[in-house]
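# Descriptive structure summary
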Amino acid sequence: MCTYTTVKDSVDGSAKGPNGSWFHVTDVTVYFDHPVHAMAEHTLNIDFADPAKGPSARVALELTADSGRRLIAALQEALAAVPAELAV
């Protein structure tokens, strides 16, 4: 069953997109729905984008729910190890 819950937020970073070129990302969208490519019934979908640069300035992830939870744990672990003065 789809929840249609979509979470959007602002981010500040870079992503490697089509043809191996880097671009600035300003937006992230996270939702749980049917994937386009992944071999799973439903996936956690994460899109990093810079809408001002058009649809090609986008990197998309489709992760199983378990992989999404492990990604969250890995992010939290990595950030917890950073000295406070560097984590700004």
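Look up a bit, the structure's there.
Figured I'd write up the structure that's included with this text. Note on numbering: residues in each chain are counted from 1, in written sequence order. Per-residue local features are limited, in this predicted model, to residues with pLDDT of at least 70; the limit for side-chain atom pairs, both in listing and counting, is 80 or more; totals at the level of whole chains, interfaces and linings are taken over all residues. Hydrogens are left out, water is left out, and the side-chain values use all remaining heavy atoms of the structure.

Turning our eyes to something else, we now look at the pairing of strand β2 (residues 22-33). When DSSP locates at least two bridges between a pair of strands, those strands are taken to pair. Working definition: helices are DSSP H or I runs of at least four residues, strands are E runs of at least two. Numbering for both runs from the N terminus. Two elements, strand β1 (residues 6-16) and β2, share nine bridges in a ladder whose sense is antiparallel. Paired with Ser-14 across the bridge in β2 is His-24. Taking the residues that link successive antiparallel strands as the turn, the β1-β2 hairpin has five residues, and the phi of Asn-19 there is positive, at about 60 degrees. Sheet topology note: the β2/strand β3 (residues 43-49) ladder contains seven bridges and is antiparallel. Bridge assignment links Val-30 to a residue of β3, and that residue is Ile-46.

There is a patch of nonpolar side chains on the surface, built from Leu-61, Leu-71 and Leu-75 and spanning about 230 Å² of accessible area. With respect to the secondary-structure elements, Leu-71 resides in helix α1 (residues 65-80). Judged by relative accessible area, which is 32%, Leu-71 ranks as partly exposed. Note on patches: the residues involved have over 30% relative accessible area and no salt bridge, like charges join within 9 Å, and the nonpolar side chains Val, Leu, Ile, Met, Phe, Trp and Tyr join within 5 Å. Only the protein chains shown count as cover for residues, with accessible areas throughout obtained via the Shrake-Rupley method and a probe of 1.4 Å. What counts as a salt bridge is simple: a side-chain nitrogen of Lys or Arg found within 4 Å of a carboxyl oxygen of Asp or Glu. Burial status follows relative accessibility: with a 1.4 Å probe on protein chains alone, a residue under 20% of its type maximum counts as buried, one over 50% as exposed, and anything between as partly exposed.

What follows concerns the side chain of Thr-43. Counting through the fold element by element, Thr-43 comes out in strand β3. Using a relative accessible area of 0% as the deciding quantity, one classes Thr-43 as buried. In protein, a polar contact means a hydrogen-donor-capable atom and an acceptor-capable atom, both N or O and within 3.5 Å, with residues adjacent in sequence counting only if both atoms are side-chain atoms; elsewhere, any N or O pair within 3.5 Å suffices. A polar contact is formed between the side chain of Thr-43 and the side chain of Asn-45, at a distance of 2.7 Å. Setting aside anything within four residues of it in sequence, one finds Thr-43 in contact with Tyr-31, Phe-32, Asp-33, His-34, Pro-35, Ala-38, Glu-62, Leu-63 and Thr-64. Contact criterion: two residues are considered in contact whenever any of their non-hydrogen atoms come within 4.5 Å of each other.

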